[in-house]
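# Observations on the model geometry
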There are 2 protein chains.
Amino acid sequence: MTNDIFDEIDPPQRLLMGPGPVNAHPRVLRAMSAQLLGQFDPEFTAYMNETMALYRRVFETENRWTFLIDGTSRAGIEAALISVLEPGDNIVIPNFGRFGLLLTEIAQRCGAVVTTVDAEWGTVVALEAIEEAVARVKPRLVACVHGDTSTTMAQPLEGIGEICRRYDALFYVDATATLGGMSLPVDKLGIDIVTAGLQKCLGGPSGSAPITISDRAAERIFSRRHVEKGIAPAGLVGGNAPRIASNYFDLAMIMDYWSEKRLNHHTEATTMLYGARECARIVLQEGLEARYTRHALASRAMVAGLEAMGLTLFGDISNKMSNVTGIEIPVGIDGEHVRARMRLDFEIEIGSSFGPLQGRIWRIGAMGYNCRKHNVLITLNALECVLRGEGFKLPSGSAADAALAVYAASETSA
Amino acid sequence: MTNDIFDEIDPPQRLLMGPGPVNAHPRVLRAMSAQLLGQFDPEFTAYMNETMALYRRVFETENRWTFLIDGTSRAGIEAALISVLEPGDNIVIPNFGRFGLLLTEIAQRCGAVVTTVDAEWGTVVALEAIEEAVARVKPRLVACVHGDTSTTMAQPLEGIGEICRRYDALFYVDATATLGGMSLPVDKLGIDIVTAGLQKCLGGPSGSAPITISDRAAERIFSRRHVEKGIAPAGLVGGNAPRIASNYFDLAMIMDYWSEKRLNHHTEATTMLYGARECARIVLQEGLEARYTRHALASRAMVAGLEAMGLTLFGDISNKMSNVTGIEIPVGIDGEHVRARMRLDFEIEIGSSFGPLQGRIWRIGAMGYNCRKHNVLITLNALECVLRGEGFKLPSGSAADAALAVYAASETSA
């Protein structure tokens, strides 16, 4: 009976330098090995409240409604869209990559009428084009990806919140790939809902989606509140507006669960909450500014190293995410073979991309726990070695030196 | 900056003897502290495939489509219902507690036309009544909770699968509270889709939902397959039938992700997968029959102890779940005060219930890792002590003795 149940979990010692997931901070994994508590235990609800307080600071917001969705980052996106949109609602989506298309398709499944404002992959969307679309469509919601890892571009968010307020639209941002790595002052930017995931710059495992919701978005969501029949006191079942099309992603119910009412919804994913809470503690102990600086510095060092190798970076570098870099696969080089050698010889994972960019670019990340000088240098040296082996002509040794020079300059200027 | 980020996770040493979640097996928590892998790493996809193989054995099925949904048990329920049902479809739901009502409300949000076959809380639904409804309504789906923890009743499932096949309906079972604790031979019972959660008899944390899907259910689901535009090769975007209303819970997409195609959907929740895999290994190492016997024995011992105390059990005991027992709160006793004393004096959690049973019954569980003789005895002794303190007249010492006698008899007969 025991000979065919496979071995214990024992992953290889792999350095994850792709677009995420990345290695988790060991403190996060240790926190997740703590024993469980009942979901209504005062000790556990205190952990829930502390998690809310911590993520308010990570999101730089005063929003009361700041909590976790129990699923991957994609679950957070769907919860936000389905709880705001009802069939027939208009939505405007700045679209510059695969995750803009994901917002589009989730919104379509909500029955919304989607207007995209498209930019070529590798660029971002002009603010004027967004304003033009919002003025024309008068949408209920504007939904935008902050950093779209498929292209490595980060959409500048300044000004969009102001446009949304002017035209009475809500503003949603998918910050899955940037929260904790790039500046995202939610209140200052006038964003109404932001969702994220742990597996990128926050340095935890996929499976929990932090979310923050402004009061005016909460008002919209609560206008569709319904209480489950099985737990409702008499007279409390119905709501006034059309019911949200999902129970699991019904933010009104989830907010009732995270509020003092503690109305039972799902059973909170205890271990993921322990992990999400520890991710936020680590971010805040380092400090947001220090963290953003660390990611930006690693990005400059990585870019310098890659360019010194004679590689061409992908897209509009002035709008590149600081935690991921796209590289054009040189003509005559087999991109997947390079990725395999990186993994097999060096135990380093780097990424490919999706759709039109599949086989055209690699994506190298340096984020969260892995965003450190030695990982940048190790990865550059490994890539140089692998490319040399593939017959790519490059000046040996120059990549790491260029990256080191960036770090040295930052230490001098500091 | 570091003085207001709260302390490390350090839960009290609490014994969770409610209706779940319960304490996780320490091996599960250790497995979850392993470092992460990229979602398309061969080592990680091997863990995914092993997880599929392990859960086939836990579900006692040959179903190829046996995997995990990244969310709590409720996420598994919604994924099953929304991927099968389209607006206007008929569904029949045997309804005998809060979680039958949950199935009802999720199905309604899918736009389905719901016919319930109701039984009073504390009883189960007669097979004839189910057949009558199925014959009358000719539903696309029959959806039934196996063990409804709100009432502690377990619906007998024998015969329902056969009825569903006769009337060409699919058969879904929510086994959140029973999988790994009560017998559920999926193929033998003719069930098409079963979902569960880790936090009950499987002895893990909430946050991952094992699911198994028969070929005929998969055919229905794949008839609505759509590939995301951002990752689709040309010509592969569209599907033939109305798109499933959720992206996150679109089982066709999730199956493409768990298949050899490995089409990207969400980023698999690595740490929860490690935990789910370890739960299944532990279940299979013990053996399914041994495990069911252990739960049934603890149930008999718990019942004997509670009755020896002079307490009245709730509902139709012949259909009681083996892992949870409902107890009528005696007249004149403050149920919440008893629960608080159990927690504060003994560090033991027991449950109350929902809706009409709130304040009327306690629920005591003995399941998964906690389903052991000493936990049954410790809990009975603690409850006796607390009830004595509340002025409830009982024969001191008889509860644990009665439970011990049940265990002794089982050892003699073994």
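Residues numbered from 1 in each chain as written. Chains lettered and ligands numbered in written order. Predicted model: local features only at pLDDT ≥ 70, side-chain atom pairs only at ≥ 80, totals over all residues. Heavy atoms only, no water.

## Here's the deal with the interface of chain B and chain A
This is how it is decided: Contacts are assigned to residue pairs that have any heavy atoms within 4.5 Å of one another. Defined in terms of a 1.4 Å probe, buried area is the accessible area two parts forfeit on being brought together, summed over both. By definition, a salt bridge exists where a carboxyl oxygen of Asp or Glu is found within 4 Å of a side-chain nitrogen of Lys or Arg. Under the rule applied, a polar contact is a pair of N or O atoms within 3.5 Å (in protein, one hydrogen donor and one hydrogen acceptor; residues adjacent in sequence only if both atoms are side-chain atoms). Runs of E in the DSSP output that reach at least two residues are strands. Runs of H or I that reach at least four are helices, and both are numbered from the N terminus. Residues are grouped as follows: nonpolar covers Ala, Val, Leu, Ile, Met, Phe, Trp, Tyr, Cys and Pro; charged covers Asp, Glu, Lys and Arg; every other residue, Gly included, is treated as polar.
Counting from both sides, the interface comprises 87 residues of chain B and, opposite them, 87 residues of chain A. Summed over both sides, the interface of chain B with chain A buries roughly 7700 Å², with 57% coming from carbon and sulfur. The interface formed by chain B and chain A holds 14 salt bridges in total. One salt bridge connects A:R98 with B:E228, and the closest N-O pair in it is separated by 3.2 Å. For the interface between chain B and chain A, the tally reads 47 residue pairs in polar contact (both at pLDDT 80 or more). Mapped by element, the contributors of at least two residues to the side of chain B that touches chain A are helix 1 (26-31), helix 2 (42-59), helix 3 (73-84), helix 4 (98-109) and helix 10 (270-286) of chain B. No other element matches helix 10 of chain B, which puts eight residues into the side of chain B that touches chain A. When grouped by side-chain class, the residues that make up the side of chain B that touches chain A number 37 nonpolar, 26 polar and 24 charged.

## Structural notes on the UniProt feature "modified residue: N6-(pyridoxal phosphate)lysine" (unreviewed entry) in chain A
So the rule is basically this: UniProt positions are given in the numbering used here, feature names are shortened, and annotations may be inferred rather than shown by experiment.
Per the UniProt record, "modified residue: N6-(pyridoxal phosphate)lysine" (unreviewed entry) is annotated on A:K200. Here the side chain of A:K200 touches A:P19 through a polar contact of 2.7 Å, landing on its backbone oxygen.

## Side note on the packing of helix 3 of chain B against helix 4 of chain B
Helix packing for two helices is described by the angle between their axes and how far apart those axes are. All names here are of chain B. Applied cut-off: In this analysis an axis means a line fitted to C-alpha atoms, helices contributing only their contacting stretch, and an angle means the value between N-to-C directions, from 0 to 180 degrees. Oblique is the label for any angle not covered by the other classes, which are roughly parallel (under 35 degrees), roughly antiparallel (over 145) and roughly perpendicular (65 to 115). For a crossing to be left-handed, the near helix must be turned anticlockwise from the far one by less than a right angle; the clockwise case is right-handed.
The N-to-C vectors of helix 3 and helix 4 enclose an angle of 45°; their axes lie 10 Å apart at closest approach. By the angle between their axes, helix 3 is oblique relative to helix 4. The way helix 3 lies across helix 4 gives a crossing that is right-handed. Touching R74, I77, E78 and L81 of helix 3 are R98, L102, L103, I106 and A107, all from helix 4. Grouping the amino acids of the contact of helix 3 with helix 4 by side-chain chemistry returns six nonpolar, no polar and three charged.

## Thoughts on the relation of the copies chain B and chain A
Our working rule: C-alpha atoms of residues with pLDDT of at least 70 in both copies form the basis for the least-squares superposition of the copies.
Least-squares fitting of chain B to chain A yields an RMSD of 0.0 Å, with the superposition described by an axial translation of 0.0 Å and a rotation of 180°. The superposition of one copy onto the other is thereby described by a two-fold rotation axis. Taking C-alpha positions as the reference, the residue of chain B nearest the rotation axis is B:G71, at 2.4 Å. Counting the interface residues of chain B, we find that 100% of their copies in chain A are interface residues as well, pointing to one common contact surface.

## Structural notes on the sheet that holds strand 2 (residues 65-69) of chain A
Residue and element names in this part refer to chain A. Test applied: Pairing between strands requires that DSSP locate at least two bridges from one strand to the other.
The strand order across the open sheet formed by seven strands is 2-10-9-8-5-3-4, and the pairing between neighbours is mixed. In the strand order of this sheet, the two ends are held by strand 2 and strand 4 (113-118), each with one partner. Taking each pair of neighbouring strands and ignoring which way they run, the sheet shows an average axis angle of 20°. Pairing of strand 2 with strand 10 (residues 209-213) involves five bridges; the strand directions are antiparallel. Bridging across to strand 10, T66 finds its partner in T212. Across the sheet, helix 9 (residues 251-258) lies against strand 2 and strand 10, angled at about 105° from strand 2, the strand it touches most.

## With respect to the packing of aromatic side chains
Residues and elements named next belong to chain A. Let me state the cut-off plainly: Side-chain rings of Phe, Tyr and Trp, where Trp is taken by its six-membered ring, are said to pair if the distance between their centres is within 6.5 Å; with planes under 30 degrees apart they count as stacked, over 60 as edge-to-face, and otherwise as tilted. Buried means the residue's accessible area, taken with a 1.4 Å probe over protein chains only, is under 20% of the maximum for its type, while exposed means over 50%, and partly exposed covers the values in between.
Tallying each qualifying case throughout the model produces 17 aromatic pairs over all chains. Seen in terms of ring centroids, Y47 and Y274 are 5.9 Å apart; in terms of plane orientation they differ by 85°. Their pairing is edge-to-face. Of this pair, Y47 sits in helix 2 (residues 42-58) while Y274 sits in helix 10 (residues 270-286), placing them 227 residues apart in sequence. As far as the burial class goes, Y47 and Y274 line up, both buried. Where F67 meets W258, the ring centres are 5.8 Å apart and the plane angle is 35°; that geometry is what we call tilted.

## Notes on the confidence of the model for chain A
The cut-off we apply is this: The predictor attaches a confidence to each residue, and that confidence, scored 0 to 100, is pLDDT.
Residue-level pLDDT values for chain A average 96, and 97% of them are 70 or greater. Here the prediction assigns the complex a pTM of 0.97, and the interface score ipTM is 0.96.

## What to know about the sheet that holds strand 2 (residues 65-69) of chain B
All names here are of chain B. Reading across the sheet, the seven strands line up as 2-10-9-8-5-3-4 and stay open at both edges, with mixed pairing between neighbours. Across the chains shown, the open sheet's two edge strands, defined by having one partner strand only, are strand 2 and strand 4 (113-118). Sheet twist, expressed as the mean angle between neighbouring strand axes with direction ignored, is 20°. In the sheet, strand 3 (residues 90-95) pairs with strand 5 (residues 141-145) via two bridges, with the strands oriented parallel. Bridge pairing in strand 5 links V92 to V142.

## Let's talk about a negative patch on the surface
All names here are of chain B. Basically, it comes down to this: The patches reported here contain residues having more than 30% relative accessible area and no salt bridge. Joining distances are 9 Å for like charges and 5 Å for nonpolar side chains (Val, Leu, Ile, Met, Phe, Trp, Tyr). Throughout, the Shrake-Rupley method with a 1.4 Å probe supplies accessible areas, and for residues the shown protein chains are the sole cover considered. Residues scored as charged are limited to Lys and Arg (positive) and Asp and Glu (negative), so that His and the chain ends carry no count. Note on charges: their place is set at NZ of Lys, CZ of Arg, CG of Asp or CD of Glu.
Residues E60, E62, D187 and E289 make up a contiguous surface patch of negative charge. With respect to the helices and strands, E62 occurs in the loop between helix 2 and strand 2. In this structure E62 comes out as exposed when scored by relative accessible area, which is 71%.

## Quick word on helix 9 (residues 251-258) of chain B
All names here are of chain B. Here helix 9 lies mainly inside the structure; eight of its eight residues are buried. Every buried residue of helix 9 is accounted for by L251, A252, M253, I254, M255, D256, Y257 and W258. Where helix 9 starts, the residue carrying a side-chain oxygen 3.0 Å from the main-chain nitrogen of A252 turns out to be D250.

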